[in-house]
Amino acid sequence: MSAESGPRSFLDVGVLSRLAAMPLFARRPMQGNVSGRHASPHRGASVEFAEYRKYVPGDDLRRLDWRAYGRSDRFYVKEFEADTNLRCCLVLDTSGSMGFGSTGVTKIEYARRVAGTLAYLASQQGDAVGLACVAGGVVQNLPPKRNAAHLRLALDILERTQPRGETQLAAVLHELAETVRQRALIVILSDLFIEPSILRSSFQHLRFRHHDVAVFHLLDPQELAFNFRRPMRFLDMEGGAAIFAEPNDIADRYDRALQQYLVDLRQVMLESGVDYQRVSIDESYEQVLARFLVGRAQAKGLR
Amino acid sequence: MSFLQPWLLLGLPLVALPLIIHLINQRRFQTIHWAAMMFLLAAHRMARGYSRLRQWLIMLFRMLAIAGLLFAASRPLASGWLGLAAGGKADTTIILLDRSPSMQERSAGTGDSKLETGRKQLVQTLETLGSGRWVLIESTTREPRELEAPAALLDLPEAGPASAPADLPLMLQSAYDYIAANRAGRTEVWICSDLRDNDWTPESGRWSTLRDAFLEFPQGVRFHLLAYPQTAPTNVSIRVTDVRREITLEGADLLVSLRLARQGGAGDEKTTVPVQFEIEGARSVASFELTGSLIEFKDHRIPLDRTRERGWGRVSIPADANPADDDFYFVFDNPPPRRTVVVADDPQAVHPLELAASIAPERGMECTAEVVVEDQLSTVAWDQISLLLWQAPLPTGEAAELVRAFVDRGGQVIFLPTQNPGEGELFGMRWQTWTTGREPVPVENWRSDADVLARTLSGAALPVGQLEIRQYCGLSGECTPLATLQGGAPLLARAPTRRGAVYFWATTPSARDSSLATEGVVLYACVQRALAAGAAVIGKARQIDAGGAIEEGTTDWIRLSENSESLSTEAGFQRGAYSSRDRLLAVNRPSAEDEGRVLADARVGTLFRGLEFARVDGQAGDANSLIQEIWRIFLLSMLLALLVEAALCLPRIGRTAGAAA
């Protein structure tokens with residue numbers, strides 16, 4: 001961790017140092033104004049050969065490959081990939097439901113750790129980092145930049161943000177798809193308590209804009225295993241509605257609804273090409289991030 | 001429904017316990033802020049139908065389990081097939097036991113009679129129910145007898161079969177007197193009977209009086225009727241209608257007249273019935289053909305030793321459904337002279353009366369009539385008189401006392417009006433004024449089924465309708481008309497008496513009054529029948545209906561016939577031949593016992609209208625207990641309810657696996 005960022009309660013130096021060895025890769029070519037380790041979609045003079053193509057009138061004659069001409073008596077233009085930096089945009093769901101946590105850690109705290117670590121790692125490898133806190137709308141929006149002060153600002157926002165209000169994640173993602181102009185890695189941290197069919201269009205919108213989308217789906221273990229024993233009154237953390245339920249009566253139906261939701265959500269993620277990570281917040285976030293980073297590195301190798 | 005521990009039912013409100021716990025639980029819920037509300041809402045929507053139903057079903061089965069436990073602990077009772085009919089433990093339980101001959105009808109299966117079945121079922125029932133005190137009132141003496149335990153019914157000779165009929169109103173009266181005298185608390189009255197019409201006398205006015213009397217008890221009296229109304233359709237009964245000894249050239253014959261009766265259902269089927277005659281131990285058998293339901297055989301001759309002038313005998317038929325009517329005892333002796341005393345102030349009436357009384361109906365029978373004036377009554381040997389014919393103003397004073405004593409002994413009296421009847425009153429009857437018409441007043445109707453105007457043995461009716469009644473004297477008082485004139489005035493009436501018989505003719509044999517003398521058959525039959533009844537009382541060979549000689553006492557009776565296990569004190573209620581001093585007595589069931597009419601169910605209900613009454617019908621030989629404790633059923637119900645409740649409470653299979661996925 002750099003001296004400028006200062007100590008943060010949600011950042012673990014040990015975790016940062018161990019994860020620093022794993023670069024954050026984008027699964028798709030990125031566009032940037034500085035050179036970096038991420039492949040750029042633009043072709044031009046660079047260090048890494050891309051492909052040959054036939055010469056067409058108007059091409060820069062300096063890019064003709066004379067050796068190829070000598071061997072084949074045809075004109076080819078040699079193209080190279082232009083390497084660029086990554087624009088990483090972290091989208092943090094700060095709706096009321098993110099304040100739930102049955103294991104001593106709330107979903108927002110967990111998301112804060114994941115987002116902070118990712119922001120730091122990206123910044124350290126020279127990538128631009130942005131942060132959007134969303135609930136009913138975009139609560140805080142920090143566009144991606146790559147300087148240390150910007151990182152500190154992002155971490156400040158992460159530290160201050162509190163879960164509040166209803167979530168309108170789908171609408172906000174549409175909005176972000178329009179506002180983030182250049183290709184970026186969009187990392188969403190949310191419990192995604194939205195109908196999967198509604199989310200589908202949002203993710204497709206992001207993909208249409210050529211963004212690389214990764215989702216950390218944060219769920220509390222108690223939300224996965226509805227194991228209450230006593231009669232309970234459940235108060236909605238977002239709307240304030242209340243439901244009285246006898247757990248024995250309702251548990252099996254709850255599980256059915258949850259499983260159906262998870263199946264549908266996974267299907268949406270697959271169809272939308274989203275890098276989907278379902279996370280139970282009793283897991284170590286270091287392992288979750290390590291799995292994520294390794295997965296992305298492997299995806300880059302296959303590209 | 002009735003229970004042995006009904007007070008435990010006070011705990012029935014505990015059935016609401018699961019509901020109360022449910023309501024309390026709802027108030028003790030834990031509140032949690034919950035994020036995954038969308039799944040909860042979906043689950044809640046899904047659970048709205050079945051889950052709510054399941055919740056209510058669980059509660060229902062919990063309530064049923066508690067109710068089952070409470071009912072089982074209360075020890076509910078059930079009777080075999082009619083539902084539940086008993087009450088809780090009573091302070092006093094009175095058993096009215098009908099011992100009449102019809103109660104000895106047996107079942108084809110076990111061979112137990114209605115009486116034996118009833119006693120067994122009563123013992124089982126009453127031992128189950130329990131009581132502070134058990135009292136037996138049986139149908140012969142009707143004396144309340146306290147029992148140590150219901151099981152005594154099985155051994156007590158006084159609870160065994162008898163030949164005497166039952167009188168249910170009198171038995172109930174006895175029960176009423178016992179309750180009133182002993183100030184019994186809550187009382188149960190158990191009646192065991194076969195509902196024979198002659199035992200219950202449903203038309204009697206005593207029933208309404210009894211109902212009112214029982215209703216006045218503040219502690220409440222509950223009646224249970226254990227009824228055995230079924231009758232055996234092929235049962236045949238035998239009865240001796242007349243016995244007389246006749247001297248013949250060879251010696252002497254005993255002429256026995258029989259009546260064989262079959263209960264309904266056999267139709268015109270012809271049956272040969274072997275009848276065994278037993279005279280002082282000597283037996284002979286003769287067969288008789290029985291067609292239809294009733295047949296009479298007149299004067300079956302049995303040779304006798306000339307020297308045997310008196311003795312006893314028995315007729316019997318093979319055993320059938322009811323052994324109590326398969327034999328009949330008789331005694332015979334030289335008939336007593338039929339002596340009549342005539343008191344008359346109309347010379348025209350005296351002669352016909354004297355003739356009617358003194359002409360013997362059969363050869364060898366001595367009939368005499370003595371005309372006396374009222375002042376000579378005290379000199380008459382009343383113990384040798386069978387009939388008193390009185391055509392004078394009704395006697396008063398000493399004469400009236402003599403007449404009353406004569407009637408109480410069993411004597412017969414026929415009163416006829418005089419021209420100046422006077423104001424006298426006797427046996428509740430009083431003469432009114434004479435009525436004279438231009439034309440004779442026709443006889444409108446008369447009773448030909450019983451009493452002195454009954455049909456002859458051949459079935460022919462007496463020519464009562466042919467009588468010419470020229471003038472008649474009115475009658476007032478409570479009486480039973482045996483013949484009435486046009487317009488409803490009685491021609492012949494019978495006054496109510498405890499013993500003996502008192503008849504009132506509304507006219508005289510005088511020619512100016514009627515044709516009783518000129519068409520003398522009716523007068524003769526009437527006088528001779530009354531005379532025969534009076535002679536039967538003073539004769540030394542008497543036929544007695546069982547239970548009919550109780551006033552005379554039976555302490556000096558000696559049983560002549562064998563095979564009886566009854567107590568000597570019950571001799572008057574058990575059929576058989578007896579001797580008492582110089583008399584021979586044959587005790588048999590009354591003729592009404594052979595009729596077999598059973599009280600209709602609706603009529604029984606009417607008799608107990610307004611009272612707490614429950615009826616259970618049984619069958620002879622029925623070994624089933626009348627009342628059973630059915631707590632096991634409720635306990636099983638409770639266990640079943642708990643099992644169902646547990647099954648409903650189980651979580652659905654696969655829920656855990658689904659949650660972990």
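Residues numbered from 1 in each chain as written. Chains lettered and ligands numbered in written order. Predicted model: local features only at pLDDT ≥ 70, side-chain atom pairs only at ≥ 80, totals over all residues. Heavy atoms only, no water.

This part is about the overall build of chain B. Looking only at helices and strands, chain B features 14 helices and 32 strands. Out of the 661 residues belonging to chain B, those deemed buried represent 50%. A fraction of 75% describes how many contacts in chain B between residues 6 or more apart in sequence connect residues 24 or more apart. If you sum the accessible surface of chain B, you get close to 30,000 Å²; carbon and sulfur atoms cover 54% of it. (Helix = DSSP H or I, 4+ residues; strand = E, 2+ residues; numbered from the N terminus. Buried < 20%, exposed > 50% of the residue type's maximum accessible area, 1.4 Å probe, protein only. Contact = heavy atoms within 4.5 Å. Areas by Shrake-Rupley, 256 points an atom, 1.4 Å probe, with all protein chains shown as cover.)

So, about the overall build of chain A. For chain A, the helix and strand inventory stands at 9 helices and 11 strands. Counting all 303 residues of chain A, 52% fall into the buried class. Sequence-distant contacts, at least 24 apart, represent 76% of the contacts inside chain A between residues at least 6 apart. Surface accessibility of chain A: about 13,400 Å² in total, with carbon and sulfur atoms responsible for 49%.

Residues and elements named next belong to chain B. In this structure, strand β9 (residues 236–247) lies alongside strand β10 (residues 252–262), joined through 11 bridges in antiparallel fashion. When the sheet's bridge partners are listed, E246 is paired in β10 with D253. Where β9 hands over to β10, the hairpin turn is made up of 4 residues, counted between the paired strands. (Pairing = 2+ DSSP bridges.)

Moving on, we come to the interface of chain A and chain B. Between chain A and chain B, the contact holds 39 residues from the first and 30 residues from the second. Here chain A and chain B share an interface that buries about 3,400 Å² over both sides, 66% of which is from carbon and sulfur atoms. Summed over the shared surface of chain A and chain B, the result is 0 salt bridges. Taken together, the links from chain A to chain B amount to 7 residue pairs in polar contact (both at pLDDT 80 or more). Taken together, the elements giving at least two residues each to the side of chain A that touches chain B come down to α7 (221–224), β9 (232–236), β10 (242–245) and α8 (247–272) of chain A. Partitioned by chemical class, the residues of the side of chain A that touches chain B number 22 nonpolar, 4 polar and 13 charged. Summarising the sheet, β9 of chain A and strand β2 (residues 30–34) of chain B pair through 5 bridges and their orientation is parallel. Bridging across to β2 of chain B, F234 of chain A finds its partner in I32 of chain B. (Buried area = accessible area lost by both parts, 1.4 Å probe. Salt bridge = Lys/Arg side-chain N within 4 Å of Asp/Glu carboxyl O. Polar contact = N/O pair within 3.5 Å; in protein donor to acceptor, adjacent residues only side chain to side chain. Nonpolar A, V, L, I, M, F, W, Y, C, P; charged D, E, K, R; others polar.)

Quick look at the packing of aromatic side chains now. Tallying each qualifying case throughout the model produces 35 aromatic pairs over all chains. Between the aromatic rings of Y69 of chain A and F75 of chain A, the centroid separation amounts to 4.4 Å while the plane-to-plane angle is 15°, which identifies the pairing as stacked. Ring centres of Y254 of chain A and W34 of chain B lie 6.1 Å apart, and the angle between their planes is 55°; this geometry places the pair in the tilted category. Of this pair, Y254 of chain A sits in helix α8 while W34 of chain B sits in strand β2, each in a different chain. Per residue, the accessibility class of Y254 of chain A equals that of W34 of chain B, and both read buried. (Phe/Tyr/Trp six-rings, centres within 6.5 Å; stacked < 30°, edge-to-face > 60°.)

All names here are of chain A. Averaged over all residues, the pLDDT of chain A is 82; the fraction at 70 or higher stands at 85%. Counted against residues more than four places away or in other chains, residues 1–5, with its pLDDT under 50, gives 11 contacts. A low-confidence stretch, residues 42–48 (pLDDT under 50), is modelled with 21 contacts involving residues beyond four sequence positions or located in other chains. (pLDDT = per-residue confidence, 0-100.)

As a further point, take the sheet that holds strand β8 (residues 212–219) of chain A. All names here are of chain A. Reading across from one edge, β6-β5-β4-β7-β8-β11 is the order of the 6 strands in this open sheet, with mixed pairing throughout. Each end of this open sheet is capped by a strand with a single partner; those strands are β6 (138–145) and β11 (275–280). Neighbour to neighbour, the strand axes of the sheet diverge by 15° on average, direction disregarded. Bridging between strand β4 (residues 87–93) and strand β7 (residues 185–190) involves 5 bridges; their strand directions are parallel. Directly across from C89, in β7, lies its bridge partner I186. The sheet contacts of helix α3 (residues 107–124) involve β4, β5 (128–134), β7, β8 and β11, and relative to β4 the element is tilted by about 170°. Sheet strands touched by helix α6 (residues 196–208): β7 and β8. Its angle to β8, the strand with the most contacts, is close to 150°. (Axes fitted to C-alpha atoms, helices over the stretch in contact; angles between N-to-C directions.)

This part is about unusual backbone geometry. Not every positive phi belongs to a glycine, and H210 of chain A is a case in point at roughly 65°. Residue placement: H210 of chain A occurs in the loop between α6 and β8. One non-glycine residue, R183 of chain B, lies in the positive phi region at around 50°. For R183 of chain B, the position within the fold is in the loop between α6 (168–182) and β7 (187–193). Exposure remark for R183 of chain B: the relative accessible area of 75% places this residue in the exposed category.

Here we come to α6 of chain B. Residue and element names in this part refer to chain B. Over its 15 residues, α6 runs 21 Å from end to end, which matches the ideal 21 Å to within 8%, given 1.5 Å per residue. Taken together, the buried positions of α6 are occupied by L168, P169, M171, L172, S174, A175, Y176, Y178 and I179. At the exit of α6 stands R183, carrying a positive phi of roughly 50°. (Expected span 1.5 Å × (residues − 1).)

A word on the pattern of salt bridges. All names here are of chain B. Evaluated as defined, the whole model comprises 48 salt bridges over all chains. The shortest N-O distance in the salt bridge between R99 and E138 comes to 2.8 Å. Of this pair, R99 sits in the loop between β4 (92–97) and α4 (114–129) while E138 sits in strand β5 (residues 134–138), and the two are 39 residues apart along the sequence. E138 sits in the buried class, given a relative accessible area of 2%. We note a salt bridge from R186 to E188, for which the minimum N-O separation is 3.2 Å. On the accessibility criterion, R186 (31% relative accessible area) is partly exposed.

Turning our eyes to something else, we now look at the packing of α3 of chain A against helix α4 (residues 148–160) of chain A. Residues and elements named next belong to chain A. Axis separation between α3 and α4 bottoms out at 10 Å; the angle between their running directions is 180°. On the basis of their axis angle, the class for α3 and α4 is roughly antiparallel. Of α4, the residues touching α3 (which contributes R112, A115, G116, A119, Y120 and S123) are L151, L155, L158 and E159. Residues belonging to the contact of α3 with α4 are distributed by class as follows: 6 nonpolar, 2 polar and 2 charged. (Parallel < 35°, antiparallel > 145°, perpendicular 65-115°, else oblique.)

On to the nonpolar core. Of all hydrophobic cores here, the largest spans 51 residues; its most connected members are I188, F203 and F234 of chain A together with W34 of chain B. At 10 residues, the largest contribution of residues to this core is made by α8 of chain A. Other than its neighbours up to four places away in sequence, F203 of chain A contacts L173, I188, V213, V215, V268, M269, S272 and V274 of chain A. Core analysis: the next-biggest nonpolar cluster, separate from the first, contains 45 residues, L16, C133, L155 and V279 of chain A among them. (Core = buried A, V, L, I, M, F, W, Y, C linked by side-chain atoms within 4.5 Å.)

This brings us to the sheet that holds β4 of chain B. All names here are of chain B. Reading across the sheet, the 6 strands line up as β6-β5-β4-β7-β8-β31 and stay open at both edges, with mixed pairing between neighbours. Of all strands in the sheet, those with a lone pairing partner are β6 (145–147) and β31 (612–617), marking the two edges. For this sheet, the mean inter-axis angle between neighbouring strands, taken without regard to orientation, is 25°.

Glancing now at the environment of D191 of chain A. Residues and elements named next belong to chain A. Take D191: it is sitting in the loop between β7 and α6. The class of D191 is buried, set by a relative accessible area of 0%. Separated by 24 residues in sequence, D191 and V215 place their C-alpha atoms 9.8 Å apart. Apart from the residues within four sequence positions on either side, D191 is in contact with D93, S97, M98, K107, H217, L218, L219 and Y261. Within the structure, the side chain of D191 is placed 2.6 Å from the side chain of S97, a separation counted as a polar contact.

The next point concerns the side chain of S579 of chain B. Residues and elements named next belong to chain B. Turning to its location among the elements, S579 is positioned in strand β29 (residues 576–580). Here S579 falls in the buried class, since its relative accessible area comes to 14%. Beyond its immediate chain neighbours, meaning those up to four positions away, S579 contacts D556, W557, I558, L560 and L584.

So, about the confidence of the model for chain B. In low-pLDDT segments, the atomic positions of the prediction should not be examined closely. Residue and element names in this part refer to chain B. Averaged over every residue, the pLDDT of chain B is 85; the share at 70 or more is 92%. Per-residue pLDDT stays below 50 along residues 80–87; that stretch engages in 32 contacts with residues further than four places along the chain or on separate chains. Here residues 655–661 scores under 50 on pLDDT; set against residues more than four positions off or in separate chains, the count is 12 contacts. Taken over the whole predicted complex, pTM reads 0.57, whereas the ipTM for its chain interfaces reads 0.78.

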